Each structure stands twice: as structure tokens, then as C-alpha cells.
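# Architecture at a glance
Residues per chain are reported as follows:
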Amino acid sequence: MSLPHHLRSHKEATKEETQREFFNISKAEEGGLKGMEINCVLSIEGEAVHAGRLYLLPPYLCFLSLDRRSARFTIPLFCIRRVERLNSRAGVFALGVGLWHGLRVILQLTSLLPTAEHFCILLRDALKAQLPQMKLLKPFTASLYSEYLLTSAADDDAATAEGDARGAGGEGKGIYERGLGETHGFPGDARKLRERSKIKLWKEYLASHGRSLTLLRYPPFQRLLQVGLPSRLRGELWETLSGSIYLRFANKGVYEKILLENKGTITPATEEIEKDLYRSLPEYKGFQNEEGIGSLRRVLTAYSFRNPELGYCQAMNILVAAILIYMSEEQAFWLLEVLCDRLLPGYYSPSMHGTLLDQRVFEALVTRCLPMIHEHFQSVDVQLSVASLPWFLSLYINSMPLIFAFRVVDCFMAMGPKVLFQIGLAILKINGEKLLEVTDDGMFINLMRSYFATIGDSAHPDHPDSRVRAITNFQELLVVAFREFSIITEDTIVTERKRFRAQIADEIESFSKRAAVRNLKTTGKFTKEQVSIIYDKFFAALCTADPSKDNGTITGNGTPPGSANPADEGRIETRIDLKTFRTFLSEIATWAREDTIIVNLGFERVERKIADHELIDRLFYSWDRSSKGALSLHDIVVGLDRIIGAGLMESIEFFFLLHDNNKDGYLTKDEVLSLSESLLFVFRNEPGDAFLAAVSKFILNAYEFGDENSPTIPAPIPEGQGELVPVESIEEEGSQVRMRERADSTATPGHHSSPYLSLATFRMVVLADELLEAFFESDLSESFQLQPVANYRAAQQAKTGLWGGLMGMVLTDENKSSFNSFADGIGQRFGRHQVVNRPAIGKPDAPLEPKPRESLLVGNRDEGRRPSVSSISSSIKTTASASTIAAEKKEREEKEMVQRANEAVMERQRFAIDDVGDDDDGGDLGAGEEEDDGVMDEVEAFLRANGADDVGLTGKDAEQAQALLTAKPMEGF
């Protein structure tokens, strides 16, 4: 759990980001194309007319009906073949849009004429930008099963050809992407699942409503979805509904490239993958041979390289294994990316913060919707998460028989994460009476296992009506979930997540902090509390840094900011780059920031800016001992330990080494000037001229005494005859003795690149000035201040609620900046505006005027005032207190919960109903037609249960929309 900063750096999505997430499309591409939304009426031939909003989100065109369920679509602009304005009566602005698959959609823009025209201009520009992509569409669609299904020449034999649910394809059966099920069979019996009937119904729907990239989702789509997807179409519809099909189209060949570039590479993630490969659905035939195992290995390995920060999680194993039954490797790879990044964010991260957050949300929903069960669980100390955590992690695949779990996944892909909560609440409600008799976690788990084992049985086995007896427990579950818990919406989940995010962040932060501190090789002279503050500052800098500006964590192999780096022992550790280090140091060192006090009419405010100077860069690279271009928490702790609490001689030596570029034990004249510039930078905001004079005197003394004591430079030595002589060790104890070649020093004694000032001489020059001596004795070390970071939960809670929300809307950064600019103008107008730089050292008794300079060559200084190095305080030893023991116990419990969840997902109960059926013969067409009646009965039952009785617009609006279907295009548009 080394990356808790994701929760702390969480930012609420913008309006456009929320829209794109709703329509399952990726972030906007850079290209200067603008989006827009407009009121619209959607109509196609033979269907009801629906009013809603039309969204131009380049490179996509999206629509959503006003009730947010009846009609919607997401169409890439490169799938649009023709756009024409229709010639209609005055006041109606309508567009006829021809799609790739021949479908014609009428979009009636119901906004003001200038608004509609502006929308058309933006649409035109966006369409032009997609012209190159149109050439790639035909070969891509050839990889989709729906293309083969609807364009097959043998239409008369289609029912017979597609009746086989396990066929391997073979010659003449298309080149579409196929999963393991095509070869090894799909779970369940094809006849009992009525695969032929479903294929026929879906074929009719796709023929009239578009398919794959041009699919329109009308009310019949929702009804067919809840009845279940046919096995051969399931993989394609999953990637269409989730939006992963757009990623696969835009990243052709990326999957194969990742595998090729990382072939043979072994990482901790790949080692963990190998351990779990043979535990993934071992009962399924496809994973009992190397074909299925190899596919699973390649998908998981490729994603671990695609997202090294996340790497691999055990729960991914069974999820990807299930997906591969219906999808090819490339399809599964891109669907996994969508699941991890957008649909289930944080579920499979090292900290599993997404899962823990949703478990807290689920408990809150149980408290609200099923209070009796919640109170009973509280009274008997039963943890709801022992059963529900694996449900969410595996999308119910590890709990239910596969044939039913995949129907839950169907709904999840189409309707989003709210389905997981609705199904979970329905399970608890249906088993409510038995749950009230549960007294411990074991009884709870056994009850759930018994329920899932009988979920395919009749819900009313003793009912006299045969149609009622035919209703299964699973059908009852879906009806309860989507009818009684329809109040659980996307907005409900977002609101609850926002409410608990700070609490989860604090808990994960506490756990991660203890683990990170425990894994440090050394903490030096710091106490645990001080290391904890350093940790907080470290990750606060990560949250403050903007990844879009190349801030944040980096890795040695050039991975994007915000990722992790393998430590020397194989652990994953977070590192920060130079820009983020400047942010971190500005919170630690007073001289590494610009604190400006601005006074207007008696009111003060402080503005802080991050300083930028070579001294900060030197500090960064001196702490980067591994030369990775980034600092870990351990590097920073070790570096700070050498400064904070250091004595006079240690501080002088540290500052000397910081400016000794080649580490030869001498400063050149250029390095002396660089050191003096660093001192001037530290003293830049100190009042008076005393510090400026001290640096000036330092330079004169350094050159005066350096000229008298600079080392003698021998004559040049011919190349190849230079003698290697060890130089005095001037680094910390235990470091390697560096070697220097005398032949490199061929310049004259006065050259600026020649050795000039030794450490001993530098000490004498520093001790010649009281201000510099005081600076190195205490001021340098005291300028590094370890102050606790503000509580994250309190800051987040301050933004919630009615008052917090109103204040958050008013006190935005932009509004604050505008108000401050206004206040500055008022202060300047009345002559009451004052700007003062806060000093970094800030010694109240420091002299404001310089003292006369004394030459170092006259007399000696009193050595009695110099403190010995041995007087520095020793390491603080702490004993385990009661609070520490309690914290460690909680840490173990949290770690065990995560481990149990992963193990529960991997140890899946086997259900006989999932075995591949031997009888895939669909019989004659008449039998299939009878099955169609049964399927449509289920469709109508779901329609009534969910209240999906919307028929779109009626009356004049419907007549007008229907008239547009036959309207002629306008000339010159």
C-alpha cells in the first residue's frame, strides 16, 4: 500500500469529464476542437420519438433522453457517413445523419436558430478532423461478430448456423475476434439458455438499431439485456457498452507491441501472476490446457507493464479468466484497462482503496434501506464485508454460477457500478428473515453459499400456476434489484463516495504510513512522530504537484508521473522528481519559499511561492544516492537527518560537500563563488545589511586566505602516467574512499577550475564571522521545520454539507485571486498597501549593520567556543506504548482483511450448472420459435417490473418527427 496519495489528490470531475464518463468515452484529445450540448429530438424509422440532449464531445456524438433510460447512443464521428439539413417547415432545424451501417438518424435541434447553427459548425469541424480515421473503420469492423452475423450471405441458414453455441468458427464463419468459448464451449447448456432464440432476437434488434460502434440503445435493448446476452455476442457487446471498443480502435497493435517489448522480462508482478495462473476457474476446460493459461498469462502480463503502478492483483485473475471465455486477448486487455481506470477505480490497486470505499458506501446503503439487518449485524458483531467484499471484487463471478454472474456483468457493463449495489441489497432483502438468525460470520457466509447454490431453482416451487413456478430465484433477484432499489442511482453512489472518501483516505494513510516507516532502513535521529511528519509532507507534495506539468512521482525507466518504482529489494516505492522536491522542500525549509506578507488597510494575508535556485538542485542531487533522478522517502529521511540537529562542524562540512562538484576535497574559485551565491540566496530576505556584509566578508577572507594556502599544483604528467592517489575521506562514515588523478590538475594555480580552498580552510573562514558561525551552528538546522500537515478529513468535511458547498462555490482559487487583486488596488489607492518579504532566518537579535572586517592573517580566533561533534544529541529510543500496540493490531487486521478478500475471490465454489452442455442441437425452427415466445415473455415481465413503459413523444411532436423521416435534404447545406 505504497500509493495512498491517489485518494488525497482526488479532484472532483469537471462537467465535461462527468459527461464523458457517463457515455464511457475517453478523455478529450488535444486538437482545439470544442464540445457543445443542445436540446434535441431523436427519431429513427419504425421507433418512438424521444426528446433529450445531444452532446458533441469530440470525437464522439452522444444522445441521452430526458428520462435517462429510454434512449441513448455514443457514436464516434468517424462512423458518420453523411450529414444533411432537412427541408422542413419553418422553425424546425433538423439534421439527417447517415451512419456507417446504413442507419439513418433524424436529429431535430430544438434550440434557437443561432445556437443550432453554431452546433452544426462545431460538428462540421469535428467531422473533418476524423477523416483519416474513417479509412481504418472497415478492417476494424471485420473483427466483430455482429458484422458476420448480419452480413452473412446464407441468411436462410442463419438460424441453423448460429444455433451452435460452441462452434470454433472455421472456414466461412468469419474472422471475428473470438474467446475461448468458441473452442471449448460456453458455460451452461445452450438449449436451456435458449441461445438460438436470443441470437434471433438480437439479430433483429441490431439490424434496425445499428451495431457495435453505431449501436443505438432504445427500450427494447434494455429488456433484451436483462434477459441475457447470447454467448457469441456477449464479448462484443461488453466492449461496446463499456467503451473499451473505442480504446481498441484507437490503439491498434499496442497490445502486441507491449508483449514484444517486454518478452522475457521478469518483475514481481509477473512472478505473482505465475503463482495464480492455475487457480483461475480450474473447472472450465479452457483453463485445463496451455492455450487458455497462455492467454491469461499474456493479458495479465501485458497489463502489468501497461500500468506498472497497479501491476497485478489476485482478484484480477479470476475476472480476466472469465472475460477470456467471451473475448479475445486484445479485447480482454482493453476491457481490463477500462475496468481498472474508470468503472472500478482503485479496486485492484495495492491499497484496494476503491473496494474499501465502496464497501463503506454499501454499508451506508444497507443502514438506510435495510435497517433491521444492519442493527442485527451490529448486535451480533457480524461484518458485512466478509461476504460483500468478494462480491464487488469479482463482479459476483466468484459467488454465483457463471451463467447467472455473467448476466449481472451484462447489466453492470450497460448501467455502471450502481448495479453491484442494487444486486447486493436485493440479495440481503430476499434472505432477510434468515439473516436475522445469523449469529456469526461463519453462519453468514454459509447462508450466502446456500442461496447462490440454489439461485437457479424455482422461487415458488409449490405454486399451482406453472408460469409462476418457472420463475427462478435469479429472476426474482433481478426484479427486486431493479424495481425496489431503483432509487440507487449514479448520483447516489457519487454522493456517498464523496462522503466517505476522506475517512477511507485517513485509514489507508495510517496503514500505509506505518508500513512505510517500518520498511525504512534507518530513521537516523528522528522520532517516529518526526518521520511521520516527513511522510505527510512527502505525499502532500505529490498531491500538490500537477501531473500535467511533469510533476509527481517518476521512475527510472521514464514511466509517467504518479507511478511507482521497484525498490532494491523488489518492493514498490514512490519517488518524487526535482519539481515535486521543490514543493516538498518549500514546506520544510523556510529559505526554500517566498513568503510575502501583504497589508491592505490593516488586513494582512500571506502569499507563498516556491523558490527556485541552484542550491535546491544541489540538495536534490546530493540526496539522490542511487542516481535515479528521483528521491524516495528513505533518501529524504537520510538527507534531512544529516542537516536537522547537526552541530557546527557537521553543518560546515555538509555545506562544503554540497558545493564540491567533483568531490576532491577542494573548492575551486568558481565553486567558492557558487557557495557564496547560495548563502546570499538563503539570506535574501533578511533585514538590514549585516548578512550581506557577512557574505561579502566571507568572499574576501576566502580569497585572501585561499591565495596563501592553496595547494601546490604539480607539473603536467604525460597521458597514461598519472598516479592514482587516495584523497582524504570527506564523506559520511562508511563511504568509499574516492580516488583522484593528479594528472587532471594541469592548470595554473590561479585558474578558476583548480583546487583552491580545502575543508579546513573553509572552516576557518566561516568561523571568522559571528553571523556565519551562528548560521552553521544552529540557524541552518533550525530553518528545517517539521510541522504537522493539516488533517485531510477535516479539510474535506469542510467542503461538504450545505454551508461547505456554498463556501466551496464562493471561495474558489479564481475568486480569491480576483478579490485579492481588488483589495490590493484599494490599498494602493488609499496609500495603505504594504508588501514585506518574511525573513527565512528571522533572528530578532541579529545585528542590522555590519561590523568592520578583520583579516584572517592577523591573530587567531578563540577555539573554545566551538562545540565538539560528540555533543550532538544521540538517537532517541522509544518504547512501544499502548497506542502503538493498538495501531499495529489494527494494521494487521486491515492487511488480513485484504488478503482474505483476495483469497475468497480465488477460492470459487464450483457449480454443476456451469458445465458446458453436451446437447447444442437447437432442433427445428419451430421449436426455436416456441422458445422465442418464452424469451419475449421474460422481456415483457422485465418491462412491467421496471416500469419501462415509455413510448417517447406523442401527438404533434411525434407527427412532426415522423414527417422528417421522409423530408428531402436542403440544397447548399
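The preceding data block contains the structure.
None of these values were measured; they are calculated from a predicted model.

What counts and what doesn't
- Residues numbered from 1 in each chain as written.
- Predicted model: local features only at pLDDT ≥ 70, side-chain atom pairs only at ≥ 80, totals over all residues.
- Heavy atoms only, no water.
- Helix = DSSP H or I, 4+ residues; strand = E, 2+ residues; numbered from the N terminus.
- Buried < 20%, exposed > 50% of the residue type's maximum accessible area, 1.4 Å probe, protein only.
- Contact = heavy atoms within 4.5 Å.
- Areas by Shrake-Rupley, 256 points an atom, 1.4 Å probe, with all protein chains shown as cover.
- Core = buried A, V, L, I, M, F, W, Y, C linked by side-chain atoms within 4.5 Å.
- Phe/Tyr/Trp six-rings, centres within 6.5 Å; stacked < 30°, edge-to-face > 60°.
- Axes fitted to C-alpha atoms, helices over the stretch in contact; angles between N-to-C directions.
- Parallel < 35°, antiparallel > 145°, perpendicular 65-115°, else oblique.
- Left-handed = near helix turned anticlockwise from the far one by under 90°.
- Nonpolar A, V, L, I, M, F, W, Y, C, P; charged D, E, K, R; others polar.
- Expected span 1.5 Å × (residues − 1).
- Polar contact = N/O pair within 3.5 Å; in protein donor to acceptor, adjacent residues only side chain to side chain.
- Salt bridge = Lys/Arg side-chain N within 4 Å of Asp/Glu carboxyl O.
- Pairing = 2+ DSSP bridges.
- Disulfide = S-S within 2.5 Å.

For the protein, the count of helices and strands is 42 helices and 18 strands. Looking at the 973 residues of the protein, the share that counts as buried comes to 52%. Looking at the protein alone, contacts between residues at least 24 apart form 73% of all its contacts between residues at least 6 apart. When the accessible surface of the protein is split by element, carbon and sulfur atoms take 52% of a total near 45700 Å².

If you look at the biggest cluster of nonpolar residues, it comprises 175 residues, and the most contacted ones within it are Y348 and M400. At 12 residues, the largest contribution of residues to this core is made by helix α21 (residues 402-415). Discounting residues that sit within four places of it in the chain, M400 has contacts with A405, V408, I423, I427, F452, I455, F474, L477, R908 and F911. Formed by 71 residues, the second largest nonpolar core is a distinct cluster that contains V531, W623, L675 and F775.

So, on to the packing of aromatic side chains. A full pass over the atoms with the stated rule returns 46 aromatic pairs. Seen in terms of ring centroids, F655 and F775 are 6.5 Å apart; in terms of plane orientation they differ by 90°. Their pairing is edge-to-face. Of this pair, F655 sits in helix α32 (residues 648-659) while F775 sits in helix α36 (residues 770-782), placing them 120 residues apart in sequence. As far as burial versus exposure is concerned, F655 and F775 are alike and both buried.

Another aspect to go through is helix α20 (residues 385-394). With 9 of 10 residues buried, α20 lies mostly within the body of the structure. For α20, every residue scored as buried is listed here: S385, A387, S388, L389, P390, W391, F392, L393 and S394. L395 sits one or two positions beyond α20 and adopts a positive phi of about 55°.

What follows deals with the packing of α21 against helix α26 (residues 473-484). Interhelical geometry of α21 versus α26 gives an angle of 25° and a closest axis separation of 11 Å. Our classification of the angle between α21 and α26 gives roughly parallel. Judged by the sense of rotation from one axis to the other, the crossing of α21 with α26 is right-handed. Seen from α21, the contacting residues are F404, R407, V408, C411 and M415; seen from α26, they are F474, L478 and F482. Partitioning the contact of α21 with α26 into residue classes produces 7 nonpolar, no polar and 1 charged.

A few words on helix α9 (residues 195-209). Along its 15 residues, α9 runs 21 Å from first to last C-alpha, staying within 8% of the 21 Å computed at 1.5 Å per residue. When we look at burial in α9, the residues that qualify are E195, R196, S197, K198, I199, L201, W202, Y205, L206 and H209. Immediately beyond the C-terminal end of α9, within one or two residues, lies G210, with a positive phi of roughly 80°.

Before going further, it helps to spend a moment on the side chain of T214. Note that T214 resides in the loop between α9 and β8 (216-217). Within polar-contact distance, the side chain of T214 engages the side chain of H101 at 2.6 Å. If we ignore the near neighbours within four places in the chain, the residues touching T214 are I75, C79, L99, W100, H101 and H209.

On inspection of all chains with the given rule, the structure shows 36 salt bridges. Salt-bridge contacts for K275 lead to E272; the nearest nitrogen and oxygen are separated by 3.3 Å. Of this pair, K275 and E272 both sit in helix α14 (residues 268-276), separated by 3 residues, roughly a single helical turn. Look at K275 and you get exposed, because its relative accessible area is 57%. When its relative accessible area of 36% is taken as the criterion, E272 is described as partly exposed. One network of salt bridges, in which partners are shared, links E587, R593, D595 and R608.

Here we take up the packing of helix α22 (residues 418-430) against helix α24 (residues 441-453). Between α22 and α24, the shortest axis-to-axis distance is 11 Å and the interhelical angle comes to 100°. By the angle class used here, α22 and α24 are roughly perpendicular. On the side of α22, the interface is formed by I427, L428 and I430, while α24 contributes F444, M448, Y451 and F452. Across the contact of α22 with α24, the residue classes tally to 7 nonpolar, no polar and no charged.

Here 8 strands make up an open sheet; going across it, the order is β5-β6-β7-β1-β2-β3-β4-β8 and the pairing antiparallel. Every interior strand has two partners, whereas the edge strands, β5 (80-85) and β8, have only one. In the sheet, strand β1 (residues 36-43) pairs with strand β7 (residues 104-109) via 4 bridges, with the strands oriented antiparallel. Residue L42 lies in a different strand from β7, and its bridge partner there is L107.

Trans is the common state for peptide bonds, and a negative phi is the common state for residues other than glycine. Cis geometry is found at the peptide bond from P58 to P59, where omega equals 5°. With respect to the element layout, P59 can be found in the loop between β2 (50-57) and β3 (60-65). Backbone geometry at K663 places phi at a positive 55°, although glycine is not the residue there. You can see K663 is positioned in the loop between α32 and β14 (666-667). Judged by relative accessible area, which is 24%, K663 ranks as partly exposed.

As a further point, take the state of the cysteines. In this structure the tally under the stated criterion is 0 disulfides. With no disulfide partner, C340 has as its closest neighbouring cysteine sulfur the one in C313, 8.6 Å distant. Note on C340: relative accessible area 5%, which makes it buried.

Considering the arrangement of structural elements, one finds T761 in helix α35 (residues 759-767). In this structure the C-alpha to C-alpha distance between T761 and Y666, which are 95 residues apart in sequence, comes to 9.6 Å. A polar contact of 3.0 Å, which involves the side chain of T761, links it to the side chain of S758.

For strand β4 (residues 72-76), the buried fraction is high: 5 of the 5 residues fall into the buried class. Burial along β4 is two-sided: the residues R72, T74 and P76 and F73 and I75 are all buried. Relative to β4, β3 is paired through 5 bridges, and the arrangement is antiparallel. Bridge assignment links L61 to a residue of β4, and that residue is I75. Between β3 and β4, which pair antiparallel and follow one another directly, the connecting turn spans 6 residues, one of which, R68, has a positive phi of 65°. Note that β4 and β8 share 2 bridges and pair antiparallel.

As for its position among the elements, E239 is in helix α11 (residues 231-242). In this structure E239 touches L144, S244, I245, R248, M327 and Q331, once residues within four positions along its chain are discounted.

Another point: the environment of G102. Relative to the elements of secondary structure, G102 occurs in the loop between β6 (93-99) and β7. Judged by relative accessible area, G102 falls into the exposed class, the value being 63%. When the C-alpha positions of G102 and G210 are compared, they lie 8.1 Å apart, and in sequence the two are 108 residues distant.

Mapped onto the fold, S399 is located in the loop between α20 and α21. Along the chain, S399 and E907 lie 508 residues apart, while their C-alpha atoms are 9.7 Å from each other. Beyond its immediate stretch of four places on either side in the chain, S399 contacts W391, F452 and F911.

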